[in-house]
Amino acid sequence: MRATPVRRLASPGEASGGYRGPVDAYAAVVLAGGVARRMGGVDKPARTVGGLPMRDRVLAAVADAAPRILVGPAAPVPAGVRVTREEPPGGGPVAAVAAGLALLDPGTPVVALLAADLPLLTRAAVGELLGHLDAGHDGACYVDGDGRRQTLCGVWRVAALRAALDRLAAERASGQPEGSAAPLAGAPIRALLAGLRVREVPWAGAGPPPWFDCDTDEDVRRAEEWAR
């Protein structure tokens with residue numbers, strides 16, 4: 001998930017005034033509950049890039065989403081953002097997805113699922129994904145230059161995700177001791193999305209790739225270079 005810098009990074013809400021395509025409305029769930037072991041266990045989404053915490057940059061990139069939901073430890077967030085926690089805390093991305101979807105308004109058709117450490121994400125990049133979500137697919141996500149899906153930089157149909165959560169919970173519950181309360185804890189995101197029809201979207205826009213995530217201090221430094 002690395003690329004060569006191209007030019008100055010636009011601010012997250014810059015350039016595109018929303019999106020154009022088959023999607024009329026969408027929500028956003030930002031996953032911020034990781035442990036950041038390669039950064040010594042710090043609150044990684046709170047690390048700043050371009051003067052803003054990474055989670056705030058991601059939330060700004062989906063400013064036109066309703067609602068916007070942050071899943072992770074309690075943190076200062078922009079007005080209107082809903083905050084919740086996965087069960088159990090630290091239970092992994094699938095448990096976080098379940099917690100986020102539980103706060104969606106009834107009838108929400110599409111949700112952006114985004115990691116909180118994507119400081120290069122912009123509204124234009126989100127709009128590109130929404131524009132690629134057609135009737136033949138359950139979701140659309142970016143792929144990097146090596147063809148790897150960046151599943152936590154994607155948009156998904158809520159009904160398909162809910163069905164996938166139910167399927168995975170039932171599968172994992174059957175292999176756990178009776179009475180286990182959190183069958184989704186520790187499940188990998190690829191297990192959740194298995195079987196979904198995914199539109200793979202290569203990044204063709206100007207500027208750095210929106211799926212660039214910050215797992216190390218060096219990644220943060222590189223993102224800062226783009227933000228200058």
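Residues numbered from 1 in each chain as written. Predicted model: local features only at pLDDT ≥ 70, side-chain atom pairs only at ≥ 80, totals over all residues. Heavy atoms only, no water.

*Asks:* Before we move on, could you go through the sheet that holds strand 5 (residues 82-84) and cite the residues and values that matter?
*Replies:* The 7 strands lie next to each other as 5-4-1-6-8-7-9, forming an open sheet whose pairing is mixed. The sheet is open, and its two edges are formed by strand 5 and strand 9 (198-202), each paired on a single side. Ignoring strand direction, the axes of neighbouring strands in this sheet form an average angle of 25°. Strands strand 1 (27-31), strand 4 (68-71), strand 5 and strand 6 (110-115) of the sheet are contacted by helix 2 (residues 93-101), whose axis makes an angle of about 145° with strand 1. Here helix 4 (residues 158-173) sits on the sheet in contact with strand 6 and strand 8 (149-157), set at roughly 110° to strand 8. (Pairing = 2+ DSSP bridges. Helix = DSSP H or I, 4+ residues; strand = E, 2+ residues; numbered from the N terminus. Axes fitted to C-alpha atoms, helices over the stretch in contact; angles between N-to-C directions. Contact = heavy atoms within 4.5 Å.)

*Asks:* Describe the nonpolar core, with residues and values.
*Replies:* Ranked by size, the top nonpolar core spans 30 residues in total, and within it Tyr26, Val62, Val110, Leu121, Leu130, Tyr142 and Val155 carry the most contacts. Contributing elements (two or more residues each) for this core: strand 1, helix 1 (54-61), strand 6, helix 3 (123-132), strand 7 (139-143) and strand 8. Apart from residues no more than four positions distant in its own chain, Val155 is found in contact with Val110, Val111, Ala112, Leu129, Leu130, Leu133, Gly139 and Ala140. The next biggest cluster of nonpolar side chains, apart from the first, holds 29 residues, and it includes Ala27, Leu31, Ala96 and Ala160. (Core = buried A, V, L, I, M, F, W, Y, C linked by side-chain atoms within 4.5 Å. Buried < 20%, exposed > 50% of the residue type's maximum accessible area, 1.4 Å probe, protein only.)

*Asks:* Give a detailed account of the pairing of strand 7, specifying residues and quantitative values.
*Replies:* Most of strand 7 is tucked away, with 5 of its 5 residues classed as buried. Note: strand 7 against strand 8, 5 bridges, orientation antiparallel. By the bridge assignment, Tyr142 is partnered in strand 8 with Gln150. Between strand 7 and strand 8, which follow one another and run antiparallel, lie 5 residues, and Gly147 among them has a positive phi close to 85°. Here strand 7 runs beside strand 9; their pairing, made up of 5 bridges, is parallel. Following the sheet pairing, Tyr142 is matched in strand 9 by Val201.

*Asks:* Can you explain the environment of Val111? Please cite residues and give values.
*Replies:* Looking at the element boundaries, Val111 is found in strand 6. Judged by relative accessible area, Val111 falls into the buried class, the value being 0%. Expressed as a C-alpha distance, the spacing of Val111 and Ala159, which sit 48 residues apart in the sequence, is 9.9 Å. Residues in contact with Val111, not counting those within four places in the same chain, are Ala27, Ala28, Val29, Leu101, Gly154, Val155, Trp156, Val158 and Leu161.

*Asks:* Which residues make up the pattern of salt bridges, and what values do they have?
*Replies:* A pair can form between side chains of opposite charge whenever their charged atoms are brought close. Following the criterion strictly, the structure yields 14 salt bridges and no others. In this structure, the salt-bridge partner of Glu86 is Arg85, at a minimum N-O distance of 2.7 Å. Residue Glu86 is classed as buried on the basis of its relative accessible area, which comes to 3%. Residue Arg85 is classed as partly exposed on the basis of its relative accessible area, which comes to 31%. Put simply, Arg197 and Asp138 hold a salt bridge, and the shortest N to O gap is 3.0 Å. With a gap of 59 residues between them, Arg197 in the loop between helix 5 (189-193) and strand 9 and Asp138 in the loop between helix 3 and strand 7 connect regions that are remote in the sequence. (Salt bridge = Lys/Arg side-chain N within 4 Å of Asp/Glu carboxyl O.)

*Asks:* Before we move on, can you summarise unusual backbone geometry with the specific residues and values?
*Replies:* Across the junction of Ala66 and Pro67, the peptide omega takes the value 0°, indicating a cis bond. Within the element layout of this structure, Pro67 appears in the loop between helix 1 and strand 4. With an omega of -5°, the peptide bond running from Glu87 to Pro88 counts as cis. You can see Pro88 is positioned in the loop between strand 5 and helix 2.

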